[in-house]
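Examination of the molecular architecture
One-letter residues, chain by chain:
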Amino acid sequence: MHPNKSRRALLSRRAFLKNSALLTLGSSSFSSVLGGLQMVNAQSLPVTDYKALVCVFLLGGNDAFNMLVPRSTSEYNTYASTRLSLAVDQAALLPINPQTSDGADYGLHPEMPEIQSLFENGNLAFLANVGALLEPVSRSDFQNNSVPLPPQLFSHNDQQDFVMSLQANKPLQGWASRMADLLVSANPNQNLSMNITMTGANTWQAGGMSLPYSLTAEGVPLLFGIDENDPDFLTQLRTQTFNQLLNIDNDHLFVTEYSRVQTRARTLGAEIFTALEQHPEPNTPFDAQSRLAANLKMVARMIAARDTLGMNRQLFFVGIGDYDTHGDQLNRHPQLLRELSQSLSAFYSALQELGVENQVTTFTASDFGRTLTSNGDGTDHGWGGHQLVMGGAVNGREIYGTMPDLAIGSNDDIGEGRIIPTTAMDQYAATLARWYGLSSSEVGDIFVNLGNFDTDDLGFMGV
Amino acid sequence: MIARLFLILALIGLISACGGGGGGGSGTPDPGPTDPPPAHIPIVLEPDTAPDPVLPAADDADAQEAARFLTQATFGPTTKEIVRLMDMTLEDWIDEQMTLPQTRQLTFLDDRIREIGFDPFNEEDFDEFYPKELQRSDVWWETVLFGRDQLRQRVAFALSEIFVISTLSDTLFNDSRGVANYHDMLAEHAFGNFRELLEAVTLNPMMGEYLSMVRNEKADAVRNIRPDENYARELMQLFSIGLIELNNDGTPRLDQESNTIPTYDQEIIKAFARVFTGWMYGDAPTWYWFDEGAASEVLPMKAFADFHDNGEKTLLNNQVLPAGQTPEQDLAGALDNIFNHPNVGPFIGKQLIQRLVTSNPSSDYVARVASVFNDNGSGERGDMAAVIRAILLDTEARHGHTEQSDTFGKLKEPLLKLTALWRAFRIRGVPAEDEDGFVSPSRVRYFGSFRETGQRPYGAPSVFNFFRPDFSQTGPITSGGYVSPEFQNLTENYITATTNRLFLSAYISDLDNPPDNFDALWDTGPIQLNFSEEKAIAADATALVDRLNLLLLGGQMSAAMENTLVAHLENIPPDSAELIAVRVYEAVYLTASSPAFAVQR
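Residues numbered from 1 in each chain as written. Chains lettered and ligands numbered in written order. Predicted model: local features only at pLDDT ≥ 70, side-chain atom pairs only at ≥ 80, totals over all residues.

Regarding the overall build of chain A
Defined as follows: Starting at the N terminus, helices and strands are each numbered in turn, a helix being any DSSP run of H or I of at least four residues and a strand any DSSP run of E of at least two. Only C-alpha atoms enter the radius of gyration, while the globule expectation follows 2.2 Å times N to the 0.38, with N the number of residues. Burial in this document is a count-based property: other C-beta atoms within 10 Å of a residue's C-beta are tallied, and the residue is buried at 20 or more, exposed at 12 or fewer, or partly exposed in between, with C-beta positions derived from the backbone.
Each helix and strand in chain A was counted, giving 14 helices and 12 strands. Taking 2.2 N^0.38 as the reference for a compact globule, 463 residues should give roughly 23 Å; the C-alpha atoms of chain A span a radius of gyration of 24 Å, in line with that estimate. Expressed as lengths along the three principal axes of its C-alpha atoms, the size of chain A is roughly 70 × 60 × 45 Å. Across the 463 residues in chain A, those meeting the buried criterion constitute 55%.

What follows is the structure, given as structure tokens:
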């Protein structure tokens, strides 16, 4: 039994008791039970339900203006005359029917039929023209340099850092890391980080009290020949010596840190390995050729093992690269969107299989959008772009925010079709954070730019 | 005990590789001691099979210094090189290295592609790409493990982590020759002038593909296209000057309000994007040509003036390129403009220090190296040979481990950790057998390193390399104000899988019990390591540990670690050849997997 299992069972029992009429009787036996529980967790009301956020980060800057495209003739013509050779064929766009209309019709890239279904079924929403902002920016603000801007717009790593931290100054702490610090008591298991990454170190989960735990689609590797429970005497001795060597030299910053990482990897690796073994893989097929699909499958497996692992709140990071389509975009970008559509759809099916589709919300983010104009066979670094949010808790079949004017030289364009975002990443993140369980004041505390915008809840999340 | 050990190995699926005999690479008689071949002898990629000289004791100060220096300047010290360097000055060793002929990977790659039955110049069958990539990987590993031009190759590796191209992106699909040639280009310029290096990188068609400068054309109002900004941006941000103005010591320059000062803005990027228009594959007969092949990959790009924007352009520091210049004139002027920016010395100098010596050089160290970059003493700017000398011979490189004993050095990135271990024990490859029974000669096959270590030569996730020079691990490193670039790649899965590769290196790689041939299409082959010197002394546990102390840790092993290892080894009675071998495997694995070996100091 997991050491935290008994505590988790108690917490579940408390959730049951809370809803039970018996509790109002105030019998001495129940009081003593509650007294014991308060010893276990002296903090605010414990979190007992499960929720997870899955960030699918499209590394390199997704050309979202070819993902969600105006379909009605007038708006399509504007789009087509801006994008020219990069424009998706009007007839090929997959129609979608949002709950409310801004007067135009929209469609999806033809490689995204699964996303179309998820949208039409109400389990997916789009967020229009969201991006990195410190405060609202108009075209003249930008031209006159009259409002502060996030540092180094259009630079990959700086914009990834900003989108993932929503902070303009170093040292950066990612907003997943800040959420994890606030909700740290939510998880009975205090050894495993709330933050799990499938693709290594990232700013979203960095900088806080605990480092993210990193695993891969292949699962958790265990150390060969190191196991204190092995019947082999030499292995026992070796394990003992290995552990001693991790602890005796701590007079150097990097040596000590290396030991910490090795120790954590070994302890958590064994725990997660065992937990994953106890839960069958989902039946939903995932494309084995796709890294994104394989990573999302492992996220589903981790979610399946949530109770065994003692996790009530989890934040998963899944990066997927090659979105920096400066060249050969007409060949490369459709493949990327097909992989995204198929992988997200498989993931949603697996979550349904696990019965947690309402408790897991998946969202995309990216460095930036791309230029509307072409450099001949691709696009360059832009600013605003569209994102998608998927889950049973999403108020789906809707496009939130304002679609930009795609005409070159419009008030949304600062040049070459670099589009000024009309919704801030802070607002996007805050809406997700509130659903995840942060209070209004906590949301205000961790998203420092939020107060500069008209709303801190974009309304795309239900409860 | 041995049986138990092998039971464990069997349980983890390794025993099949342990079967005795069969290995084509075993049993080669050692030819006896030889002098290093003179420079005119053809370069070969052959393992070291000659007996080793006697290694001094780990407390020999000269030996320690030699081993430490070789850890910084090569892919890992060997017994022979430690002993040889003890009789030389470091300056002489560097001079010697700089005159050695370069190991050229492209030549070897073409030979190997022919050996496996393919034509290196025919790239029509896409299925051949993967086996060709395996050959390219083998040649890279064997170059850094066997090559005599160690310093050149180590600097080329450092440069490959600054001027990043990656086959992980589809843009370099089917370009094995081009990538091998790109490596050769970096190695060729490792001791040249930085301005020439910048030009060679800029015109290399692999960089042209990776950052989309090839086929970049001037704005065309009819098609509503404008120049691609990709190369212009990364050339400045990553390859030369960085985002903010620097002092000569690498610290940021600040304005009157204590804010950092951007080196360029979007307008300057657009101007450079226009500079880099009109360039195409070197053998392209016309601009609209899509038949590039194996020959195109290795030729510098050439210009088509009709597709070049020859308008006036304002570059860094308001320097203007006049209208009407040729593509070549614009390119030369733009590269001169960047090359002469005062940031280049501290920006590139500091990163080379980080790649070779230490993650957190003092600002004085950076300033000393940058000053040599600015002027090598003879008025030349950008003399890379002088910069490399300055980095390796600097007092901080030589004495940092005692003067900043708690912070000096760097985490070994996995590739360097493995090469250090493998070179120390004179690695040999293992023959690769294909489906038809054809056996390739011994190969060091580790194309699968990405899966286990997160690293593969020319396989970074993006142009931002495997790790950033300013990455700082959360915790004591960040709170102390330090950076730790290589920790960005030290995830739980990679530390575990890399440690397991060390385990396999120690336990199933013994030359005296050679592993079998391996499947020629699998990306990770077994290796053979020569533990004969260690076995000869292993009956004395203290002597064995002392040897590993010098060979792997540069004599910097703590007394506590030494005692712990000796105590462990003394549990294994040296009563038979098998038990002696187990002592060696245990000692090698526990030293190599230790936190002490993880950090280069």
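Topic: the packing of helix H14 (residues 344-356) of chain B against helix H15 (residues 363-374) of chain B
All names here are of chain B. For the record, the criterion: Axis angles are defined between N-to-C directions and span 0 to 180 degrees, where every axis is a line fitted to C-alpha atoms and, for a helix, only to the segment in contact. These descriptions rest on fixed angle ranges, namely under 35 degrees for roughly parallel, over 145 for roughly antiparallel, 65 to 115 for roughly perpendicular, and the rest for oblique. Left-handed describes a crossing whose near helix is turned anticlockwise from the far helix through less than a right angle; right-handed describes the clockwise counterpart. C-beta atoms are first placed from the backbone for all residues, and any pair lying within 7 Å is then listed as a contact. For this scheme, ten residues count as nonpolar: Ala, Val, Leu, Ile, Met, Phe, Trp, Tyr, Cys and Pro. Four count as charged, namely Asp, Glu, Lys and Arg, and the remainder, Gly too, count as polar.
Packing of H14 against H15 brings their axes to within 8 Å, and their N-to-C directions diverge by 120°. Taken together, the axis directions place H14 and H15 in an arrangement best described as oblique. When the axes of H14 and H15 are compared, the crossing they make is right-handed. Every residue of H15 that contacts H14 at Val-344, Gly-345, Pro-346, Ile-348, Gly-349, Lys-350 and Ile-353 is listed here: Tyr-365, Val-366, Val-369, Ala-370, Phe-373 and Asn-374. Partitioned by chemical class, the residues of the contact of H14 with H15 number nine nonpolar, three polar and one charged.

A few points about the interface of chain B and chain A
It is common to give the size of an interface as the accessible area lost on bringing the parts into contact. The interface of chain B with chain A comprises 68 residues on the first partner and 64 residues on the second. For the side of chain B that touches chain A, the class distribution of residues is 25 nonpolar, 31 polar and 12 charged.

Thoughts on the sheet that holds strand S6 (residues 430-433) of chain B
Residue and element names in this part refer to chain B. Note the threshold: Strands are treated as partners if at least two bridges between them are detected by DSSP.
Spatially, S7-S6-S8 is the arrangement adopted by the three strands of the open sheet, whose pairing is mixed. The open sheet has two edge strands, strand S7 (439-443) and strand S8 (518-519), and neither has a second partner. Taken together, the three bridges between S6 and S7 define a ladder with antiparallel strand orientation. Looking across to S7, one finds that Val-430 is bridged to Arg-443.

Structural notes on the confidence of the model for chain B
All names here are of chain B. This is how the line gets drawn: Note on scores: pLDDT gives the predictor's confidence for each residue, bounded by 0 and 100.
A residue-level look at chain B finds 93% of positions with pLDDT of 70 or above and a mean pLDDT of 92. Scored below 50 in pLDDT, residues 1-34 makes 58 contacts in the model with residues more than four places away or belonging to other chains. Reported for the predicted complex are a pTM of 0.86 and an ipTM of 0.93.

Side note on the confidence of the model for chain A
Averaged over all residues, the pLDDT of chain A is 90; the fraction at 70 or higher stands at 90%. With pLDDT under 50 throughout, residues 1-44 of chain A is counted as low confidence; its partners more than four residues away or in other chains account for 27 contacts.

Observations regarding the environment of B:Gly293
Residue and element names in this part refer to chain B. Looking at the secondary structure, you find Gly-293 in the loop between strand S1 (279-280) and strand S2 (302-303). Look at Gly-293 and you get partly exposed, because 14 C-beta atoms sit within 10 Å. A C-alpha to C-alpha distance of 21 Å links Gly-293 and Gly-459, two positions 166 residues apart in sequence.

Some thoughts on the sheet that holds strand S2 (residues 68-70) of chain A
Residues and elements named next belong to chain A. Taken in spatial order, the three strands of this open sheet run S2-S4-S3, and their pairing is antiparallel. Each edge of the open sheet carries a strand with a single partner, namely S2 and strand S3 (94-96). Taken pair by pair, the neighbouring strands of this sheet meet at an average axis angle of 40°, ignoring direction. Of the pairings in the sheet, the one linking S2 to strand S4 (residues 106-108) comprises three bridges and is antiparallel in character. Counted as the bridge partner of Leu-68 is Leu-108 from S4. Running at roughly 15° to S3, helix H4 (residues 113-120) makes contact with S3 and S4 of the sheet.

Structural notes on the domain arrangement of chain B
Residue and element names in this part refer to chain B. Cut-off, in case you're wondering: Boundary definitions for the domains trace back to an automatic or database domain assignment.
Taken domain by domain, chain B comprises domain 1 (105-328) and domain 2 (343-408). Each of domain 1 and domain 2 has a C-alpha centre, and these two points are 25 Å apart. The interface is formed by 21 residues belonging to domain 1 together with 22 residues belonging to domain 2. When contributions to the side of domain 1 that touches domain 2 are tallied by element, the ones reaching two or more residues are helix H7 (150-160) and helix H9 (194-203). Among the elements that make up the side of domain 1 that touches domain 2, the one with the highest residue count is H9 (three residues). Of the residues assigned to the side of domain 1 that touches domain 2, the class counts are nine nonpolar, eight polar and four charged.

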